[in-house]
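Structural overview
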Amino acid sequence: LTLLYLLRTVFLIFTALLIGGAGVAVLGLGLGYKYLRKPEKVVRVGVVSQLLIHPLKSGRAVSVALVECQKIGLKFGEMQDRRVHWLVVTEDGHMVTGRQEPRLVLVSLTCEGGQVCLNGPNMEELRFPVKQPDNPVIDCRSVFRSDIQGRDCGEEASQWLTRYLGAEKTFRLVHFEPQMRARRPVEKEPLFPQYEQVAYTDIAPVMLLSDASVKDLSSRLGKDVTVDRFRPNIVVGDCEAFDEVCWQCMFTTVDPETGIMNRKEPLETLKSYRLCKPSEKHIYKSSPLFGQLHTVKKTGILQVGDVVYKISR
């Protein structure tokens, strides 16, 4: 069995999920692992309905049928999600995301045959080599004001992004390579495991969300929203809403189909019914809870259609 361990609401209620497949374990953020050792009851709760990777931070998701679940995140072919991937920065090295440039969500980055392929609305496709060892390494200012390195992807990529974003400033594309020093999220997020490392992602290498949670939100909004707005990696279908939770930010107000930020919805609706308990405000503050972040405990293969079970304790 594939093991996907979940820890609901970060540390208060202990549950776990098993996914049929080939030996993967993903652990939710929270307290010690001793609570996850002895299952009491196993119940089928759903199936993996989608697997999504995000090779470019804030860029369009790539839907795949099968992924390799690694310590650093999900991998499909030459594309790695969330750690070994690509990041847009300003000329002085400051990170640029969909929070500052919402139209980044319409940019797709794929890799094949050692080539990176960039596409965006009304832009010609750009191809360049994944490996460019002669290009300089840039010191970048990442999320939470942490420093992280990235290999510059060259002038053509810089000009493409600058034209696409249409700003007066110059943008550059950088690539995080395996030999570069990763970030330790625990330095900014105390609940994160001490040994875990990430690069350009905000907090964790994997995020999980259920179709039911998104459908429930759509019914309250009176219009359809898609899972793409919340940028999950693993989407679980045929299950109950809100079996998974994590905090959400202003980036969720960017429409992934138009690249327009409204700065209000769906956050305002989520705040009306998905706020944390008063005892948890020191963790989540005023952010609504939707989805769940994870670290990887055991590597393996995940596939769309794998059956998901919950272990109650």
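Criteria and thresholds
- In every chain, residue numbers begin from 1 and rise along the written sequence.
- Given that the model is predicted, a residue must reach a pLDDT of at least 70 before its local features are reported, and side-chain atom pairs must reach 80 or more before they are shown or counted; all residues, however, enter totals for whole chains, interfaces and linings.
- Values shown for side chains rest on all heavy atoms present in the structure; no hydrogens or waters enter the calculation.
- Helix and strand definitions follow DSSP, with helices as H or I runs of at least four residues and strands as E runs of at least two, each counted in order from the N terminus.
- Relative accessible area decides the class of each residue, using a 1.4 Å probe on protein chains only: under 20% of the type maximum gives buried, over 50% gives exposed, and in between gives partly exposed.
- Contact criterion: two residues are considered in contact whenever any of their non-hydrogen atoms come within 4.5 Å of each other.
- Note on areas: Shrake-Rupley, 1.4 Å probe, and residue coverage restricted to the protein chains presented here.
- The pairing criterion for strands is at least two bridges between them, as found by DSSP.
- Counted as salt bridges are all cases of a side-chain nitrogen of Lys or Arg within 4 Å of a carboxyl oxygen of Asp or Glu.
- The term nonpolar core refers to a set of buried residues drawn from Ala, Val, Leu, Ile, Met, Phe, Trp, Tyr and Cys, joined through side-chain atoms within 4.5 Å.
- The angle between two axes is taken between their N-to-C directions and runs from 0 to 180 degrees, where each axis is a line fitted to C-alpha atoms and a helix contributes only its stretch in contact.
- How sure the predictor is of each residue is captured by pLDDT, a score from 0 to 100.

In this section: the overall build of the chain. When helices and strands are counted, the chain shows four helices and 22 strands. When burial is assessed residue by residue, the chain has 57% of its 313 residues classed as buried. The long-range share in the chain, meaning contacts at least 24 apart out of those at least 6 apart in sequence, stands at 66%. A total accessible area of about 14,100 Å² is found for the chain, and carbon and sulfur atoms account for 50% of it.

Right, let's talk about the pairing of strand β8 (residues 73-76) for a bit. For strand β7 (residues 66-70) and β8, the ladder comprises three bridges, and the chain directions are antiparallel. Bridging across to β8, Glu 68 finds its partner in Lys 75. In sequence, β7 turns back onto β8 through a hairpin of two residues.

Another aspect to go through is the pattern of salt bridges. Applying the stated rule across the entire model yields seven salt bridges. Note that Arg 220 and Asp 216 form a salt bridge whose closest N and O atoms lie 2.7 Å from each other. With Arg 220 and Asp 216 both in helix α2 (residues 211-221), this residue pair falls four residues apart, about one helical turn. On the basis of relative accessibility, which here comes to 46%, the residue Arg 220 falls in the partly exposed class. Relative accessible area serves as the criterion here: at 21%, Asp 216 is assigned to the partly exposed category. Here the residues in one salt-bridge network are Asp 152, Glu 155 and Arg 172, joined through shared partners.

Ranked by size, the top nonpolar core spans 26 residues in total, and within it Trp 86, Val 88, Leu 109, Leu 118, Phe 128, Trp 160 and Leu 173 carry the most contacts. Among the elements of the structure, β10 (86-90), β12 (108-112), β13 (115-119), β14 (126-129), α1 (155-165) and β17 (171-175) are those that each provide at least two residues to this core. In terms of residues, this core owes the most to one element, α1, which gives five residues. Filtering out sequence-adjacent residues up to four positions away, Val 88 remains in contact with Leu 56, His 94, Met 95, Val 96, Leu 104, Leu 161, Phe 171, Arg 172 and Leu 173. Val 45, Val 48, Val 62 and Leu 302 belong to the second largest nonpolar core, which has 17 residues in total.

Right, let's talk about unusual backbone geometry for a bit. One non-glycine residue, Ser 58, lies in positive phi territory at about 75°. Its place among the elements puts Ser 58 in the loop between β5 (41-53) and β6 (62-64). A relative accessible area of 3% places Ser 58 in the buried class. Unlike most non-glycine residues, Asp 238 shows phi in positive territory, near 60°. One can find Asp 238 in the loop between β19 (234-237) and α3 (267-271).

If you trace the three strands from one edge of the open sheet to the other, you get β12-β13-β14, paired in antiparallel fashion. Only two strands of the sheet have a single partner each, and these edge strands are β12 and β14. Strand-to-strand twist of the sheet, defined as the mean angle between neighbouring strand axes without regard to direction, takes the value 25°. Two elements, β13 and β14, share four bridges in a ladder whose sense is antiparallel. By the bridge assignment, Gln 115 is partnered in β14 with Pro 129. Along the sheet face, α1 touches β13 and β14 and points at about 150° away from the line of β14.

Bringing the confidence of the model for the chain into the picture now. Looking at the chain as a whole, the pLDDT averages 78, with 77% of positions reaching at least 70. Scored below 50 in pLDDT, residues 1-16 makes 85 contacts in the model with residues more than four places away or belonging to other chains. Below a pLDDT of 50 lies the segment residues 29-36, which in the model reaches 25 contacts outside its immediate sequence neighbourhood of four places, other chains included.

Turning our attention to the sheet that holds β10. Strand order in this open sheet of five strands is β11-β10-β17-β16-β15, and the pairing throughout is antiparallel. One side of each edge strand has no neighbouring strand; the edge strands of this open sheet are β11 (95-96) and β15 (137-141). As defined by bridge partners, β10 adjoins β11 across two bridges and the pair is classed as antiparallel. Bridge pairing in β11 places Val 89 opposite Met 95. Where α1 meets the sheet, it contacts β10 and β17, and its direction lies at approximately 130° from that of β17.

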